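Single-letter residue listing:
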Amino acid sequence: MFQNNPLLSQLKQQIRDSKPHVEGIVKGSDKAFGFLECDKKSYFIPPAAMKKVMHGDKIKAVIETVGDKEQAEPEELIEPMLTRFIAKVRFNKEKKLQVLVDHPQINQPIGANQTKAVKEELQEGDWVVAQLKTHPLRDDRFFFAQISEFICRADDELAPWWVTLARHEQSRYPVQGQESYEMLDQQTREDLTALHFVTIDSETTKDMDDALYIEPITENDVQIGWRLVVAIADPTAYIDINSQIEQDAKQRCFTNYLPGFNIPMLPRELSDDLCSLSENDKRAALVCYIETDLQGEISAKPRFVSAYVMSKAKLAYDKVSDYLEQKADSWQPQDPITQQQIAWLHQFTLARTQWRQIHALLFREKPDYSFVLAENGKVQEIKTEYRRIANQIVEEAMIIANICAAQYLDEQIGFGIFNTHSGFDKKFLENAHNFLLANLANEQNQAELSQLYSVENLATLVGYCNMRHDIEPFESDYLEFRLRRFLTFAEFKAELAPHFGLGLQGYATWTSPIRKYSDMVNHRLIKASLTTQQYERPQENVLQRLQEARRQNRLVERDIADWLYCRYLADKVEQKQIFQAEVQDVMRGGLRVLLLENGASVFIPASTLHNNKEELQVNADEIALYIKGERTYKIGDIIPVQLIEVKEDTRSIIGNIAN
């Protein structure tokens, strides 16, 4: 008789409402139970209640007291962990379709069906995209999902690429091209095909978007400087601003460079053929004339022209570097003019590097790691590559060209797409100031450095550059890594603003229009200014999309690399090989380190570092781990590491400190 008693139901609701309520994030465990992580406290979620939620759900819960312990009873879903997600197909004992979420902390199977758009006959282990349709906290009885997209079969060797691209909602296909292309630009182009331009790229590069020519500037037969001519491929000459190609490029924003291959921003017939500055082919280009003195200082305003150019030599980074380093039996230039161009470019590069070291900032030398793949996608080896002199030649030419573009866009047009970086985050300036004093000052220079590294000075480009020059002599990466945590992210802006990371007053890229949409925009603006055509200020949504696309591309590259590292290192566990590794992060759970030999990221659990977790302390300010009150590991340390487990399912590599 009490089942439908409204007074009793009301009383129960009043009792429930009187109990404490909290909001938090569900954290699953290896067992059936979980925890609700709130701002300052963690609550136990019993197994029965965990069936109503999933790891990562943001929920509202009632706090119940059971015996002398508090536990959370899920009550309301605020934000589900899953909406669109990547999963593997599974069939239960009754042959009913289920999906297993591709997430290291979500292991419960979810019932599913497939939409009509999925034509494939699904098999055990297939990779798919799914949407969560029902949730127990949304008045539904259980979790249920709908498969909306087939990705690839379980045994597809290229699964790391296809699954990762699907996860980040990026296409695996190039932009759709046109049947034919016509020159759309009407302006007169200068004929610069007689100049001895050269390209320097990787041996296999097809999308060559920059070519260089250089000559000395003389006065009374005495050299007083350099004239560098930078020719950049001009795809906007063939792409209508209202075309589908333009819209697709605006969405993708960048060519996606992945291990083994790339997915171009533009149709391959443009990027690899019609617009590529290939050897002995006449090509449309936007060209910049840049003059410097012998010390590398820009000595005249840059001059841009629309032109036709013809590369006279396709040079390769390694061959040019071997030649300049005078390695035995190395490649030799094909003719005296190319030889002279290489020599002059080399001299110019040394001057510009010296100029940037004094007046701006140089990149800290770190190796690049590249995967060497078989045709089926299997990793054969991982190469460690350092920037050699030929890479520096192209790099310095592109940097000075982008400095000139920023100056031109600011002075002639008043806007463009500028690459900016404002240094330390304003909310961390005080922290950076205190950290520098604590690590660099002594009794003799405490007052001097306190002024030099004042919050006001560190907020300026000059003050920031001076600080970076001061820490350059330190061999350890500790200062560099620790200060990096105080920095803002780089941004795209429509007006000129400093780039603290490069130590420059302004920087606007235009040197890769085949590969970057921002460079296409700057091309259109510069060319419009040359012909007094109208031009529009870049819209905020374009800048935001560039920002998001850059972030997505980095995540795609990282996620594929993590997967390939697992495949490559899986058989190294039994070999018990010892790797030198650099500490990248220090957390309560352990250390995150980078293997210097191949660039793999490895996690070292705290339990393997010391058997008493009560004696472990993390110092967040120092990013260091203390054991029994003594600082034992800190960010930037080099330590010996041995692999103990590789889990391809979760893309995780576990190690410990080698004795």
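Note that the coordinates shown come from a computational prediction; the quantities given were computed from them, not determined experimentally. (Residues numbered from 1 in each chain as written. Predicted model: local features only at pLDDT ≥ 70, side-chain atom pairs only at ≥ 80, totals over all residues. Heavy atoms only, no water.)

The next subject is helix α8 (residues 389-413). Since one α-helical turn is 3.6 residues long, residues separated by three or four positions face the same way. For α8, which comprises 25 residues, the first-to-last C-alpha distance of 35 Å matches the rise-based estimate of 36 Å (1.5 Å per residue) to within 8%. The buried fraction of α8 is high, at 19 of 25 residues. Taken from the residues just after α8, G414 is the one with a positive phi, measuring 95°. (Helix = DSSP H or I, 4+ residues; strand = E, 2+ residues; numbered from the N terminus. Expected span 1.5 Å × (residues − 1). Buried < 20%, exposed > 50% of the residue type's maximum accessible area, 1.4 Å probe, protein only.)

UniProt annotation of "domain: S1 motif" (unreviewed entry) refers to residues 576-658 when read in the numbering used here. Segment residues 576-658 splits into 0% helix and 60% strand. End C-alpha atoms: 9 Å apart. (UniProt positions renumbered as here; feature names shortened; annotations may be inferred.)

This part takes up the pairing of strand β17 (residues 282-293). Among the twelve residues of β17, nine are classified as buried, and the element is accordingly described as predominantly covered. By the bridge criterion, eight bridges tie β17 to strand β18 (residues 303-316) in an arrangement that is antiparallel. Residue pairing for β18: C288 is matched across the bridge by F304. (Pairing = 2+ DSSP bridges.)

Next up on the list: the pattern of salt bridges. Scanning the model with the defined rule gives 45 salt bridges in all. A salt bridge links R567 to E157, with the nearest nitrogen and oxygen atoms 3.5 Å apart. Linking R567 in helix α15 (residues 540-569) with E157 in the loop between β10 (144-152) and α3 (159-167), this pair joins segments that are 410 residues apart in sequence. Here R567 falls in the partly exposed class, since its relative accessible area comes to 26%. Here E395 makes a salt bridge to R387, at a shortest N to O gap of 2.5 Å. Classification of E395 by relative accessible area gives buried; the value is 19%. Using a relative accessible area of 24% as the deciding quantity, one classes R387 as partly exposed. Three or more residues joined by partner-sharing salt bridges are found here, namely D318, D322, E325, K327 and R388. (Salt bridge = Lys/Arg side-chain N within 4 Å of Asp/Glu carboxyl O.)

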